[in-house]
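One letter stands for each residue in the lines below.
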Amino acid sequence: MPLQVSDYSWQQTRTAVFISVPLRGVSVRDADVFCTENYLKVNCPPFLFEVFLYAPIDDESSKAKIGNDTIVFTLHKKEAAMWETLSLSGVDKEMMQRIREKSILQAQKSAKEAMEAKASARREDQKYTLNVMMKIEEEERKRIEDMKENERIKATKELETWKEHQRKAEEHKIVQREEKLYQQEKQIEEERKKLKHKGLTRNSVSRNLATKGRNSEIIFFEKLKEDSIPAPRSVGNIKINFTPRVFPTALRESQVAAEEEWLHKQAEARRAMNTDIAELCDLKEEEKNPEWLKDKGNKLFATENYLAAINAYNLAIRLNNKIPLLYLNRAACHLKLKNLHKAIEDSSKALELLTPPVADNANARMKAHIRRGTAFCQLELYVEGLQDYEAALKIDPSNKIVQNDAEKIRNIIQGTELKS
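All residue numbers refer to position in the chain's written sequence, counted from 1. Thresholds applied to this predicted model are a pLDDT of at least 70 for local features of residues and 80 or more for the giving and counting of side-chain atom pairs; totals over whole chains, interfaces and linings are not thresholded and use all residues. The side-chain numbers reported here are obtained from all heavy atoms of the structure, hydrogens and water having been left aside.

Per an unreviewed UniProt entry, the recorded name for the protein chain is Dynein axonemal assembly factor 4, and the organism is Phocoena sinus.

See below:
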């Protein structure tokens, strides 16, 4: 049974009480001090000091000083007044027990409130730290995007310069060809004039011989006639127009009705596939295939060239807007570039096309829910994000990664974990 310390001393002012408790022969460092607004206890085996205070004190501002085998308490009164005694008088054992239990409950409540305040302060600090980190990451992303944009502008200018150089070189070649053709035509014209002059000279000689030698022999006259050369024909151009045809075969060998039907079907197919898009004019035939463009976008995504991948998916969607994987892959690109609303829109469009829900499209539907849920969470719309993650878990309940992410979102909604 502990020994009650009775040789203590105390003094008071209107605002404070000073208590000196001697603990001789024991280490006061091992003393267990418990203090509330109405109760004070010091347990230092084999000694026990216990007092039921006359009036309430401010236990948070009160202090205890330990040293020289003595504990000195400085207790601040809640109300300025002089106490008649240090402890309550007429306190029986039952009342003492009630005061002890009430003091313990009060201490536990105060400790809980302090712990919650500390946890709240820690969460606020973590939230502030996260906001600072997100701001730094956003600035870094913007810097990288600006750098890429500058590189793109630089490459575009270099390409335009190269095209201008090629155009000038082509114009120079055309001028050289025209000059050469002009020289050739001039030379031909001179040759024609020479031949014409020579023919006129021979004709005049023949006429003179015929006049002087009318009485000559007919054989001689025939010989002169054979030796005379007529003047060459004048140079000219003849334009020939051909009927334009799609097929290489001649019209007389073709079946016009079958050809017209084939052309009509091709035109209908182009209109259905939007192949009259201006961006397709310079592409090869296999490059106008939506599947080819999808594979091209996937390769660009793998190299982290997200903007180019989006361009490939955009063109493929314009060719065929009924392929859900095009929207699903474009949503992944938008998610990487923080285009969160566009990622939500593309994921929703992919889910519309992935109907009816069957086993073959289960993986694609799960990815669409996860990507849309991720975009919602990054927009701090955690309830909507959790709905998409739960929809993904219905498709694949055994996926541990999705389970852990869904649990984190639940904790964020409940306020037990930092938003991330």
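Looking at the environment of Pro46
Relative to the helices and strands, Pro46 is located in the loop between β5 (39–44) and β6 (47–52). Taking the C-alpha atoms as reference, Pro46 lies 5.1 Å from Pro2; in sequence the two are 44 residues apart. Elements are defined by DSSP. Helices are runs of H or I of four residues or more, strands are runs of E of two residues or more, and each kind is numbered from the N terminus.

Topic: the UniProt feature "repeat: TPR" (unreviewed entry) in the protein chain
UniProt positions are given in the numbering used here, feature names are shortened, and annotations may be inferred rather than shown by experiment. The feature "repeat: TPR" (unreviewed entry), as annotated in UniProt, sits at residues 366–399 in this numbering. Between the first and last C-alpha atoms of residues 366–399 the distance is 11 Å; the span itself is 79% helix and 0% strand.

Observations regarding the pairing of β6
Burial classes follow relative accessibility: with a 1.4 Å probe on protein chains only, a residue under 20% of its type's maximum area counts as buried, one over 50% as exposed, and anything between as partly exposed. Counting buried residues along β6, 5 of its 6 residues qualify, which places the element largely inside the surrounding structure. By the bridge criterion, 2 bridges tie strand β1 (residues 3–4) to β6 in an arrangement that is parallel. Within β6, the position partnered with Leu3 by the bridge is Phe47. Being paired, for any two strands, means DSSP has found at least two bridges between them. The pairing of β5 with β6 spans 6 bridges and is antiparallel. Each bridged residue has a counterpart across the sheet, and for Lys41 the counterpart in β6 is Glu50. Counting the residues between successive antiparallel strands, the hairpin from β5 to β6 contains 2 residues.

Looking at the pairing of strand β3 (residues 16–22)
Extensive coverage of β3 is indicated by the burial of 5 of its 7 residues. Here strand β2 (residues 9–12) folds back onto β3 in antiparallel fashion, the turn holding 3 residues. Here β3 pairs with strand β8 (residues 70–76) via 7 bridges, running antiparallel. In the sheet register, Val17 faces β8, and the bridge partner there is Leu75.

Section: the pattern of salt bridges
For salt bridges, the criterion is a side-chain nitrogen of Lys or Arg within 4 Å of an Asp or Glu carboxyl oxygen. What the rule picks out here adds up to 16 salt bridges. Measuring nitrogen to oxygen at the nearest pair gives 3.8 Å for the salt bridge that ties Lys294 to Glu291. With Lys294 and Glu291 both in helix α4 (residues 290–302) and 3 residues apart, the pair spans about one turn of that helix. Measuring nitrogen to oxygen at the nearest pair gives 4.0 Å for the salt bridge that ties Glu352 to Lys349. Of this pair, Glu352 and Lys349 are both found in helix α7 (residues 340–353), 3 residues apart, which corresponds to roughly one turn of the helix. Bridged by salt links that share partners, the residues Glu138, Arg141 and Glu145 form one connected network.

A word on helix α5 (residues 306–319)
The span expected for a helix works out to 1.5 Å for each residue beyond the first. Over its 14 residues, α5 runs 20 Å from end to end, which matches the ideal 20 Å to within 8%, given 1.5 Å per residue. Residues of α5 that are buried include every one of Tyr306, Ala309, Ile310, Ala312, Tyr313, Leu315, Ala316, Ile317 and Leu319, and no others.

A word on the layout of surface pockets
Cavity and pocket criteria rest on a 1 Å grid covering protein atoms alone: a 1.4 Å probe that fits but cannot get out defines a cavity, protein on both sides within 12 Å along at least 5 of 7 lines defines an open pocket, and an atom within 4 Å of a point defines a lining residue. Grid points are joined across faces, edges and corners, and a volume is the space filled by probe spheres set on the points. Counted as a void, the largest pocket has a volume near 1,400 Å³. Taken together, the elements giving at least two residues each to the lining of the largest pocket come down to α1 (93–212), α5, α6 (324–336), α8 (362–378), α9 (382–395) and α10 (400–414). Per-element tally for the lining of the largest pocket: the top contributor is α1, with 14 residues. The residue classification treats Ala, Val, Leu, Ile, Met, Phe, Trp, Tyr, Cys and Pro as nonpolar and Asp, Glu, Lys and Arg as charged. All others, Gly included, are polar. In the lining of the largest pocket, the residues fall into 15 nonpolar, 6 polar and 19 charged.

Regarding the packing of α6 against α7
Angles here are taken between N-to-C directions and fall from 0 to 180 degrees, while the axes themselves are lines fitted to C-alpha atoms, restricted in helices to the stretch in contact. Where α6 contacts α7, the two axes come as close as 8 Å, and the packing angle between them is 160°. For the element pair α6 / α7, the angle class is roughly antiparallel. Crossing handedness for the pair α6 and α7: left-handed. Residues Pro324, Tyr327, Leu328, Arg330, Ala331, His334 and Leu335 of α6 form the contact with α7, whose own contacting residues are Leu340, Lys342, Ala343, Asp346, Ser347, Lys349, Ala350 and Leu353. When the residues that make up the contact of α6 with α7 are grouped by side-chain class, the tally is 9 nonpolar, 2 polar and 4 charged. Any angle that is under 35 degrees is reported as roughly parallel, and any over 145 degrees as roughly antiparallel; angles of 65 to 115 degrees are reported as roughly perpendicular and all others as oblique. For any helix crossing, the convention is left-handed if the near helix is rotated counterclockwise from the far helix by under a right angle, and right-handed if that rotation is clockwise. Residues are treated as being in contact if the distance between any of their heavy atoms lies within 4.5 Å.

Considering the packing of aromatic side chains
Note on aromatic pairs: the rings of Phe, Tyr and Trp (six-membered ring only in Trp) are paired at centre separations within 6.5 Å, and the planes decide the class, stacked below 30 degrees, edge-to-face beyond 60, tilted for the rest. Within this structure, the stated rule accounts for 5 aromatic pairs. Residues Tyr8 and Phe49 carry aromatic rings whose centres are separated by 5.0 Å and whose planes lie at 70° to one another, so their mutual orientation is edge-to-face. Of this pair, Tyr8 sits in the loop between β1 and β2 while Phe49 sits in strand β6; the two residues are 41 residues apart in sequence, bridging distant segments of the chain. Classification of Tyr8 by relative accessible area gives partly exposed; the value is 28%. By relative accessible area, Phe49 is classed as buried at 1%. Each residue in the set Phe34, Tyr39 and Phe52 is aromatic and connected to the rest through ring pairs, giving one cluster.

Observations regarding the nonpolar core
Only buried Ala, Val, Leu, Ile, Met, Phe, Trp, Tyr and Cys residues count toward a nonpolar core, and they belong to the same one when joined by side-chain atoms within 4.5 Å. Within the largest apolar cluster, 21 residues are counted, with the highest numbers of intra-cluster contacts made by Leu293, Ala309, Tyr313, Leu326, Leu328 and Cys333. Mapped by element, the contributors of at least two residues to this core are α4, α5, α6, α7 and α8. Top element by residues in this core is α5. It accounts for 8 residues. Counting 19 residues, the second-largest nonpolar core is a separate cluster that includes Val17, Ile19, Leu23 and Val42.

Looking at the environment of Met366
For Met366, the location among the structural elements is in helix α8. Spatially, the C-alpha atoms of Met366 and Asp396 are 7.7 Å apart, while their sequence positions differ by 30 residues. Those residues in contact with Met366, other than ones at most four positions away along the chain, are Ala392, Ile395, Asp396 and Asn399.

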